[in-house]
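Tertiary structure, described
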Amino acid sequence: MTPGLPSPSPPSPWRAPLATVFAVALVVRAAVLWQLAGSPVTRFLIGDAATYDAWARDLLANGWLGREVFYQSPLYPYLMGALYAVAGPSPMAVRVVQVVLGAGSCALIARAGRDLFGPAAGLAAGLLLAFYPPAVYFDVLIQKSSVDAFLLCLALAGLARGLERPSPARFAGVGLALGVLLLSRENALLVVLAAVLFLLLHFREEPLRRRAGWGGALALAAALPVLPVAARNAYLGGELVPTTYAFGPSLFIGNARGADGMYVALRPDRGDARYERQDATELAEAAVGHALRPTEVSRYWARRAMEEIGADPGRWLRLVWRKWLLVWNGAELGDAEDVYTYGEEAPLLGLPLRVFGFGTLLALAALGAVLTAAEWRRLGFLHLTLAAYAVSVTIFFVFARYRYPLVPPLVLLAAGGLARLPEVAAERRRRLLAAGGAAAIAAAAVSSLTLVAPGELRAPSRYNLGNHLAAAGELPAALAQYDRALAEKPDYRAASFNRAGLLARLGRRDEAVLAYRRHLGAFPDDAASQTNLAALLVESGRPAEGAALLRQALAADDSPRAWFNYGFATAAAGDRDEARRALLEALRRDPRFFPALYQLGRVLEASGQRAEAAQAYRAALEVQPGSPEAAAALRALGAP
């Protein structure tokens, strides 16, 4: 050793376990991502993933300030945009970064477990999260859940460390992590409040001034990331919107009549993130009769939600109970994508999911909560975090990705229980063991309730994949996805309709006719299916059958297009008088409807009414001056 130099500090004996947890988690996630390479689930961006990708690309193309007050949380698309700026617009690069971030979450939760319960519990916590299938799924999904988990694990690790070495700087670090989380999940505000409350209650032996200083440092640090976003929204919108203005629409979606605890689109059949802001604004403005500012849109929907709650409190209380059960249910409620479909594409994900899902974790956490009950004061922040987040999800509606932030504190409780179990068993504390076992069984029972049919969990992903494959021109592969969606959910209206249309695109007319007939047997009010089936019948040389179907469809659809379709079919069936009447009905509804004008000319020409036909063709050319069909028809008649 060189004289005069201090001795090097011995390496921390816990660096190796942390590195091991990180490495194991990284390998697990990388292996699953490798299995998914080339799969349709990673080839296409579905639902929110497509929205985030488009937002990130827009930031690069049009500037980082944006043009509107935020409706959706900005953190994730801005992070994507920053990554795109460095690595190019590659969703796979986002998945790779999230794999690393997810492994970091496992190391952080291992660090928190060690500080709370000791080395064995720390290792258990890290490995539980490393192998937990939904955690792996969210780390390979283009979705903000991976970032959310990392930030929450960072905050929990800071709080756990702060129990032994409290300081304003350490708690400010916790607040900063939670403040950034607020830019992704606004309901994390309840977690911030829970953390401040914990600091005030836990350190009761400390002077109130010191406790208030710690809590204040945490709260102020949590506010720091929000301030630039609030200033940006005020600059663009002229009013205070701290993060987004989606509170009111989300409250309505989760609590209105017809709500079932999951997402219900404001407009039927528009359950796409691309349209939610537009629909929320347009519907609110149509209801009040004038333009609305963002905060007014939010207040409108919040008021509507409260009116519907007040109109039938009993219904709402039953709904809240259902949502509370869904929060703790073992089923992973997906929306556009789901973990089960990913598991079918990646066996390294799907096989563990069969035995280690949310229900198993919840049972282990219930056991841990009982076995560590004597340490309730020290572990209060875990219980408060769980309660705050569960309540915040129940207020709105439930998706697996919304309740995923419950997983890190549940992992810590589970690891604590596993670490305490040998000690409790060795001491033969039978009552405590019995209580823990009963709690685990009760949690498993609650989580195993069938609240949502299994097909409802898997069918939407297959349907969405079918849509993307069809749009890409991969029709046989799309048909296979629609078949799988209908196998999971036989009454899936949209999948049944699209499957019939796809058969027609593939040239399999007879099968398409049968598919449309089966679809109409289940959904007789589907005017679009009646129209499509009629068109197939006309193409197949059965125009009279097609015209009869279209006549029925007019009862549900009185649009110009519907009358045109009926006129086209009746003309093909040889009933020119009825065709002329139908086409005139279409034009009465829309005098500038080009297809009806042109087809009317065809019918009049076939009936020998050449002058009237020429007049119809001229009217068609006024609507579409460049139409070669109308121009050629006029020339054939010898008309100027």
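The structure we're discussing is the one just above.
Everything numeric in this text was worked out from a predicted model, so none of it was measured.

1. Examining the overall build of the protein chain
- Looking only at helices and strands, the protein chain features 34 helices and zero strands.
- Principal-axis analysis of the C-alpha atoms gives the protein chain an extent of 110 × 60 × 50 Å.
- The buried share among the 640 residues of the protein chain stands at 52%.
- Sequence separation of 24 or more characterises 69% of the internal contacts of the protein chain that already satisfy a separation of 6 or more.
- Total accessible area on the protein chain stands at roughly 28200 Å², and carbon and sulfur atoms take up 61% of it.
- Computed over 65 positive and 54 negative side-chain charges, the separation of the two mean positions in the protein chain equals 7 Å.

2. A word on empty space enclosed by the protein
- Evaluation of the coordinates by the stated rule reveals one cavity of 30 Å³ or more.
- Looking at the largest cavity, its volume works out to about 140 Å³.
- What lines the largest cavity is a set of 19 residues, and nearest its centre among them are Tyr 137, Leu 141, Asp 335, Glu 337 and Arg 401.
- Sorting the residues of the lining of the largest cavity by element identifies helix 3 (48-62), helix 7 (133-140) and helix 21 (400-403) as the ones contributing at least two each.

3. Some points on the side chain of Asp 526
- Residue placement: Asp 526 occurs in the loop between helix 27 (509-522) and helix 28 (527-539).
- The exposure class of Asp 526 is buried, given its relative accessible area of 9%.
- Of the polar contacts made by the side chain of Asp 526, one reaches the side chain of His 519; its length is 2.8 Å.
- Once you skip the residues sitting within four places of it in the chain, Asp 526 turns out to touch Arg 493, Phe 497, His 519 and Leu 520.

4. Observations regarding the pattern of salt bridges
- Using the criterion set out here, one finds 33 salt bridges in the structure.
- Arg 57 is the partner of Asp 53 in a salt bridge, and the nearest nitrogen-oxygen pair spans 2.8 Å. One end of the pair, Asp 53, and the other, Arg 57, are both in helix 3, four residues apart, so they sit about a helical turn from each other.
- Using a relative accessible area of 37% as the deciding quantity, one classes Arg 57 as partly exposed.
- One salt-bridge network, in which partners are shared between bridges, spans Arg 111, Arg 114, Asp 115 and Arg 161.

5. Brief notes about the packing of helix 30 (residues 560-572) against helix 32 (residues 594-606)
- In the contact formed by helix 30 and helix 32, the axes pass within 10 Å of each other and the chain directions differ by 20 degrees. Taken together, helix 30 and helix 32 sit at an angle that is classed as roughly parallel. Considering the relative orientation of helix 30 and helix 32, their crossing is left-handed. From helix 30, Arg 561, Phe 564, Phe 568 and Ala 571 reach across to helix 32, where they touch Pro 595, Ala 596, Gln 599 and Val 603.
- Across the contact of helix 30 with helix 32, the residue classes break down as six nonpolar, one polar and one charged.

6. Considerations on helix 24 (residues 454-471)
- With 18 residues, helix 24 extends 27 Å between its outermost C-alpha atoms, agreeing within 8% with the 26 Å of an ideal straight helix rising 1.5 Å per residue.
- The complete set of buried residues in helix 24 reads Gly 455, Leu 457, Ala 459, Pro 460, Ser 461, Arg 462, Tyr 463, Asn 464, Leu 465, Gly 466, Leu 469 and Ala 470.
- Buried residues along helix 24 sit in contact with helix 2 (40-43), helix 17 (339-345), helix 25 (475-488) and helix 26 (493-505).
- Positive phi appears at Gly 473, one or two residues downstream of helix 24, with a value of about 85 degrees.

7. Section: the state of the cysteines
- Considering all chains together, one arrives at zero disulfides under this definition.
- Counting only cysteine sulfurs, Cys 106 is the nearest neighbor of Cys 153, a cysteine outside any disulfide, at a range of 7.5 Å.
- Of the residues examined, Cys 153 reaches a relative accessible area of 0% and is grouped as buried.

8. Observations regarding helix 5 (residues 91-117)
- The end-to-end C-alpha separation of helix 5 is 38 Å, in line with the 39 Å expected for 27 residues at 1.5 Å each.
- The buried count for helix 5 comes to 21 of 27 residues, which makes it a mostly enclosed element.
- Positive phi appears at Gly 118, one or two residues downstream of helix 5, with a value of about 115 degrees.

9. Here we look at a nonpolar patch on the surface
- Judged by side-chain polarity, Leu 189, Leu 190, Leu 193, Val 391 and Ile 395 come together as a nonpolar surface patch covering roughly 400 Å² of accessible area.
- Every element with two or more residues in the nonpolar patch is listed here: helix 10 (189-202) and helix 20 (380-395).
- Considering each element in turn, the nonpolar patch owes the most residues, three residues, to helix 10.
- Note that Ile 395 resides in helix 20.

10. Overview of the environment of Ala 515
- Topologically, Ala 515 is positioned in helix 27.
- Excluding its chain neighbours within four sequence positions, the residues that come into contact with Ala 515 are Arg 499, Ala 500 and Leu 503.

11. Some details on the packing of helix 3 against helix 4 (residues 75-87)
- Where helix 3 meets helix 4, the closest approach of the two axes is 8 Å, and the angle between their N-to-C directions is 55 degrees. Taken together, the axes of helix 3 and helix 4 are oblique relative to one another. In this structure, helix 3 crosses over helix 4, and the sense of that crossing is right-handed. Where helix 3 approaches helix 4, its residues Tyr 52, Asp 53, Trp 55, Ala 56, Arg 57, Leu 59 and Leu 60 are matched on the opposing element by Tyr 76, Pro 77, Tyr 78, Met 80, Gly 81, Tyr 84 and Ala 85.
- Its residues assigned to classes, the contact of helix 3 with helix 4 comprises eleven nonpolar, one polar and two charged.

The rules behind each value
- Residues numbered from 1 in each chain as written.
- Predicted model: local features only at pLDDT ≥ 70, side-chain atom pairs only at ≥ 80, totals over all residues.
- Heavy atoms only, no water.
- Helix = DSSP H or I, 4+ residues; strand = E, 2+ residues; numbered from the N terminus.
- Buried < 20%, exposed > 50% of the residue type's maximum accessible area, 1.4 Å probe, protein only.
- Contact = heavy atoms within 4.5 Å.
- Areas by Shrake-Rupley, 256 points an atom, 1.4 Å probe, with all protein chains shown as cover.
- Lys, Arg positive; Asp, Glu negative; His and termini not counted.
- Charge placed at Lys NZ, Arg CZ, Asp CG, Glu CD.
- 1 Å grid on protein atoms, 1.4 Å probe; cavity = no way out; pocket = protein on both sides within 12 Å on 5 of 7 lines; lining within 4 Å.
- Points joined across faces, edges and corners; volume = space filled by probe spheres on them.
- Polar contact = N/O pair within 3.5 Å; in protein donor to acceptor, adjacent residues only side chain to side chain.
- Salt bridge = Lys/Arg side-chain N within 4 Å of Asp/Glu carboxyl O.
- Axes fitted to C-alpha atoms, helices over the stretch in contact; angles between N-to-C directions.
- Parallel < 35°, antiparallel > 145°, perpendicular 65-115°, else oblique.
- Left-handed = near helix turned anticlockwise from the far one by under 90°.
- Nonpolar A, V, L, I, M, F, W, Y, C, P; charged D, E, K, R; others polar.
- Expected span 1.5 Å × (residues − 1).
- Disulfide = S-S within 2.5 Å.
- Patch = residues over 30% accessible without salt bridge, like charges linked within 9 Å, V, L, I, M, F, W, Y side chains within 5 Å.

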